[in-house]
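As a plain string of letters, each chain reads:
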Amino acid sequence: MKNLEIASLFYKIADLLEMQNVKWKPQAYRRAAQSLEALERDIEELWKEGTLKEIPGVGEGIARHIDEFLRRGKIRPFEAIMRKIPKGLGELMEIESIGPKKAFFLYKKLKIKNLGDLEAAVKRHKLGGLPGFGEKSEQNILKGIGMYKSGHERMLLGKALSIAEGIVDELKKNRGIERIAIAGSLRRMKETIGDIDILATAENAEEVMDAFVNMPDVRDVLAKGTTKTTVVLNSGVQADVRVLKDSEFGSALQYFTGNKEHNIKLREIAIKRGLKLSEYGLFEKKTGRRIAGKTEEEIYAKFGMKYIEPELREDRGELQAAMQGKLPKIISYGSAKGDFHVHSNWSEGSEGIEEIANAAKNIGYEWICLTDHSKSERIAHGLDEEKVLKQIAEIRRINRKFRDFRILAGSEVDIKADGGLDFSNEILKKLDVVVVAVHSGFKSAKGQMTARVLDGINNKYVKIIAHPTGRLIGKREGYEIDLERVFEACAKRGVMPEINAYPERTDLNDANAKRAIELGCRLAIGTDAHSIGQLHYMRLGIAMARRAWAGGKDIANTLNLKEIENLLKLRE
Ligand SMILES: [Zn+2]
Ligand SMILES: [Zn+2]
């Protein structure tokens, strides 16, 4: 699939245009890129059908660019712009506190062309005193460079998952394939992934490996054999395919799923019982007799344990819980009946309310909560009081068309620096769901930020605190905040901390979500979808909930319409 390739090209184009101070257009390219990232179907299929323009955010001009790219592998007008700009500037722009305009400025002014140049210039204090670079800039830039580097060694879960599943689908086309599974941190659904591991059994391993190295997404073949083949994909990520004996598939899957600490502990348990566990199976130490290995279930069963879901295999007490028969029954994929955080084209989303509602119904949801931004979010076209009231009326009007489905009128309301909310109680009480969030002042001191958020969630109309740490993976660390106190206040007031499922947020993360549940909170998963395709990020949110040991009752998305109306005390 070329979807991600074209999306990343559009992001690049947006940055280039922004460098040159072009207004509006960058936003249009980014919106199209977001849609492409979330697109479930292969862009080339849509292209062949002539339905490119049905993709949200893709108009005449962008459709023409996609067409040119699919025919010629490039987009001419942008080739010309890109030739004029050094390659390394692309990385510079992604550093937090730099961005496209400053990157271009530094290039013009100091001939800084890449990360190395920038690091050297900062260390020699060359930036101090330049317009737009304050006292703390140098420190922040160094921090940003560190974040960028660590963020780019690993890939976001959502992206890795769609690449890996693409490979699995492609390999499944080989008639010889018998069993196939994704292993590694991807199977455990970690928020970022190092590389992709795929295990298979097949009648003819050679055929499978040939198909693998001939996939169009393969950039380099590092090693090719009949048991293991390693390639580098166009995105730069490394992917391994192993073809195994059927009798060893379970033990290999267990071994390659990890994590390392989980496996070490399990091997220690084996040794204590006179057994030996390896990727080839579970053996009796004395006799060498093989007693399990075909499936993971039979391996865990030999230890007297129930099957441990991959998301739990992080050495956080799951082995002990399994031995004591105390493993939690974690929430299952596909059990969400609604989404708490969605943007429409009233603020920065791509589609209208009714279109979103219909898409949600098609997923099988019973409700969806619309949460456009409040007025302070000017860049995101936040709604003022008048518009919010209009939107509520519009939602009520559309709801009359539905049976057994309801759009909840929500708002993502800014918690301002002083702890006050962006709307008065007069407005808040008219909403079905008030979601609050911090979108500014990320560098505040911990005490100040904690007090600000506590003020926000102590408003009696508030139901959800969105993306509670504000982090963006690989771009921005979360703000300093005392989450223990926030969770305690949430539990007391019945406010739900969010698991924001947007891939670069994943906020709360697994560990924080687990702690929130331990402190008595119920959690709300919100995809923060900016287009219909992104509603599928729900799966990533549920993955985080599973990693947090959450059961269905811990996650409010599992509530049906009646239950959610009761929870939110909605009379209509
Ligand atoms: Zn937000
Ligand atoms: Zn949002």
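What you see is a predicted model, and the numbers here were worked out from it, not measured in a lab.

Rules behind the numbers
Residues numbered from 1 in each chain as written. Chains lettered and ligands numbered in written order. Predicted model: local features only at pLDDT ≥ 70, side-chain atom pairs only at ≥ 80, totals over all residues. Heavy atoms only, no water. Donors = N, O, S within 2.8 Å, 3.2 Å for Na, K, Ca; no water. Buried < 20%, exposed > 50% of the residue type's maximum accessible area, 1.4 Å probe, protein only. Domains from an automatic or database assignment. Contact = heavy atoms within 4.5 Å. Buried area = accessible area lost by both parts, 1.4 Å probe. Salt bridge = Lys/Arg side-chain N within 4 Å of Asp/Glu carboxyl O. Polar contact = N/O pair within 3.5 Å; in protein donor to acceptor, adjacent residues only side chain to side chain. Tetrahedral: all angles 85-135°; square planar, octahedral: opposite > 155°, others 65-115°. Helix = DSSP H or I, 4+ residues; strand = E, 2+ residues; numbered from the N terminus. Pairing = 2+ DSSP bridges. Axes fitted to C-alpha atoms, helices over the stretch in contact; angles between N-to-C directions. Expected span 1.5 Å × (residues − 1). Arc of directions from axis to C-beta. Phe/Tyr/Trp six-rings, centres within 6.5 Å; stacked < 30°, edge-to-face > 60°. Lys NZ or Arg CZ within 6 Å of the ring centre and 35° of its normal.

Caption draft 1: Here's a closer look at the coordination of the zinc ion (ligand 1). Surrounding the zinc ion (ligand 1) are the protein donor atoms Glu412 (OE), His439 (NE2) and His467 (NE2), at 2.0 to 2.2 Å. As a motif over one chain, the donors of the zinc ion (ligand 1) read E-x26-H-x27-H. His439 gets classed as buried once you look at its relative accessible area, which sits at 16%.

Caption draft 2: Spotlight on the domain arrangement of the protein chain. The domain boundaries assigned to the protein chain delineate domain 1 (3–153), domain 2 (155–244), domain 3 (248–323) and domain 4 (338–567). Each of domain 1 and domain 4 has a C-alpha centre, and these two points are 28 Å apart. Domain 1 puts 13 residues into the contact, and the matching count from domain 4 is 18 residues. Carbon and sulfur atoms supply 51% of the area buried between domain 1 and domain 4, which totals about 1,300 Å² over both sides. Looking only at domain 1, the three residues that lose the most surface to domain 4 are Arg31, Glu96 and Met147, adding up to 37% of its buried area. For the interface between domain 1 and domain 4, the tally reads zero salt bridges. Scanning the region where domain 1 abuts domain 4 turns up one residue pair in polar contact (both at pLDDT 80 or more).

Caption draft 3: Geometry of the coordination of the zinc ion (ligand 2). In this structure, His341 (NE2), His343 (NE2), Glu412 (OE) and Asp528 (OD) serve as the protein donors to the zinc ion (ligand 2), at separations of 2.1 to 2.3 Å. Considering all four donor atoms around the zinc ion (ligand 2), the spread of angles at the metal, 81 to 165°, places the coordination shape in the irregular class. Positions of the donor residues of the zinc ion (ligand 2), expressed as sequence spacing, correspond to H-x1-H-x68-E-x115-D. Between the two metal centres, the zinc ion (ligand 2) and the zinc ion (ligand 1), the spacing is 3.5 Å, with Glu412 acting as a shared donor. With a gap of 71 residues between them, His341 in strand β11 (residues 338–342) and Glu412 in strand β13 (residues 406–414) connect regions that are remote in the sequence. An identical accessibility class is assigned to His341 and Glu412; each is buried.

Caption draft 4: The sheet that holds strand β9 (residues 281–284), seen in detail. Taken in spatial order, the three strands of this open sheet run β8-β9-β10, and their pairing is antiparallel. Of all strands in the sheet, those with a lone pairing partner are β8 (275–278) and β10 (290–292), marking the two edges. For this sheet, the mean inter-axis angle between neighbouring strands, taken without regard to orientation, is 35°. Across four bridges, the pairing between β8 and β9 is antiparallel. Following the sheet pairing, Ser278 is matched in β9 by Gly281.

Caption draft 5: Examining helix α14 (residues 260–272) more closely. The terminal C-alpha atoms of α14 lie 19 Å apart, and with 13 residues this matches the ideal 18 Å at 1.5 Å per residue to within 8%. Buried within α14 are the following residues: His262, Asn263, Leu266, Ile269 and Ala270. Projected down its long axis, α14 carries its buried residues within an arc of 120°, all on one side. Facing away from the buried surface of α14 by more than 90 degrees, the exposed residues are Lys260, Ile271 and Lys272. Backbone nitrogen of Glu261 and a side-chain oxygen of the N-cap are separated by 3.1 Å at the start of α14; the cap is Asn259. Once α14 ends, the next one or two residues include Gly274, with phi positive near 70°.

Caption draft 6: Spotlight on the side chain of Arg406. Mapped onto the elements of the fold, Arg406 is located in strand β13. Among the residues examined, Arg406 registers a relative accessible area of 8% and is labelled buried. Polar contacts involving the side chain of Arg406 include one to the side chain of Glu565, which spans 2.9 Å.

Caption draft 7: Region of interest: the sheet that holds strand β5 (residues 218–224). Reading across the sheet, the five strands line up as β2-β4-β7-β6-β5 and stay open at both edges, with mixed pairing between neighbours. Lying at the two open borders of the sheet, with one neighbouring strand each, are β2 (177–182) and β5. Each strand of the sheet is rotated relative to its neighbour by a mean of 20°, with strand direction disregarded. Sheet topology places strand β4 (residues 196–202) next to strand β7 (residues 238–243); five bridges connect them, and they run parallel. Across the sheet, the residue bridging to Ile198 is Val241, located in β7. Relative to β7, helix α12 (residues 205–213) is tilted by about 165°, and along the sheet it contacts β2, β4, β5, β6 (228–233) and β7. Helix α13 (residues 249–257) contacts β2, β4 and β7 of the sheet and is inclined by roughly 180° relative to β4.

Caption draft 8: Here's a closer look at the packing of aromatic side chains. On inspection of all chains with the given rule, the structure shows nine aromatic pairs. The aromatic ring of Phe442 is capped on one face by Arg476, whose charged end is 3.8 Å from the ring centroid. The positively charged end of Lys514 is found above the aromatic ring belonging to Trp549, 4.6 Å away from the centroid.

Caption draft 9: Structural view of the pattern of salt bridges. Inspection of every chain in the model, using the stated rule, returns 42 salt bridges. When the shortest N-O distance is used, the salt bridge between Asp67 and Arg71 registers 2.9 Å. Linking Asp67 with Arg71, this pair stays in helix α4 (residues 60–72), spanning four residues, or about one helical turn.

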